[in-house]
Amino acid sequence: MSDAAIAKTLSEVDLFTGLPDKVIRRIAAEGRTVSFDAGTPVTEEGSSVKGWASFSPNGVCFYVILAGSADVQVHGEHRITLGAGQYFGETSLIDGQPRSATVVAGPDGMQAFSLTAFDFAPILEQNPPVALALLKVLAGRKERLLFEPGRSLVGNAGLLLTRVEVLKHGEEKNFAVV
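Residues numbered from 1 in each chain as written. Predicted model: local features only at pLDDT ≥ 70, side-chain atom pairs only at ≥ 80, totals over all residues. Heavy atoms only, no water.

Peer 1: Please set out the pattern of salt bridges residue by residue, giving values where relevant.
Peer 2: Applying the stated criterion across every chain, the model contains 3 salt bridges. Across the salt bridge formed by E30 and R26, the nearest N and O atoms sit 3.9 Å from each other. You can see E30 and its partner R26 sitting in helix α2 (residues 21–30), 4 residues apart, about one turn around the helix. Note on R26: relative accessible area 29%, which makes it partly exposed. (Salt bridge = Lys/Arg side-chain N within 4 Å of Asp/Glu carboxyl O. Helix = DSSP H or I, 4+ residues; strand = E, 2+ residues; numbered from the N terminus. Buried < 20%, exposed > 50% of the residue type's maximum accessible area, 1.4 Å probe, protein only.)

Laid out in structure tokens, this is it:
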């Protein structure tokens, strides 16, 4: 896929919508296209995003699916299937915490645009609109209740919690000490 085609796809992703073409083209030029066979793990829950991994082209990446699909699993439980135009891996690029989910290429495999943490950081620093768009996307996720080791987004409160100390399951509700 050409840089122009990737730039067009990126411009349609909510994270980059409304950014100047020059910035979108730079993002497209910094990343690369990667392919995964069906069933191949793309990210592993709990894997570190620090150290040498962040400098590797196969290390800590943000992915935008160009073709195919990916299945997201948390604690071994299937959560969602992502398709073309959807993305994953953005949170670990920002907070430096271990991966919160395992993502596996779907039954037809997956082709994706990937951008390493090493390449993404300068884009955020030099283009505040990208950072603002990312914050808006993350804040917009407040309607879902997610429990992840080390970080969580909670209900409609819109709070980003850094640590869940205790999670107690009840018959009707769950309770978390943060």
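Alright, that's what it looks like, and here's the rest.
Peer 1: Requested: an account of the confidence of the model for the chain, with residues and values cited.
Peer 2: Fine structural detail should not be taken from predicted coordinates in areas where pLDDT scores are low. Taken over all residues, the pLDDT of the chain has a mean of 77, while the share at 70 or more is 71%. Note that pLDDT drops below 50 for residues 142–161; the model gives that stretch 42 contacts with residues more than four away or on any other chain. (pLDDT = per-residue confidence, 0-100. Contact = heavy atoms within 4.5 Å.)

Peer 1: Quick one: what's the story with the environment of L19, residue by residue and with numbers?
Peer 2: Relative to the helices and strands, L19 resides in the loop between α1 (3–11) and α2. If near-sequence neighbours (up to four positions away) are discounted, L19 is found in contact with I24, I27, P129 and V130.

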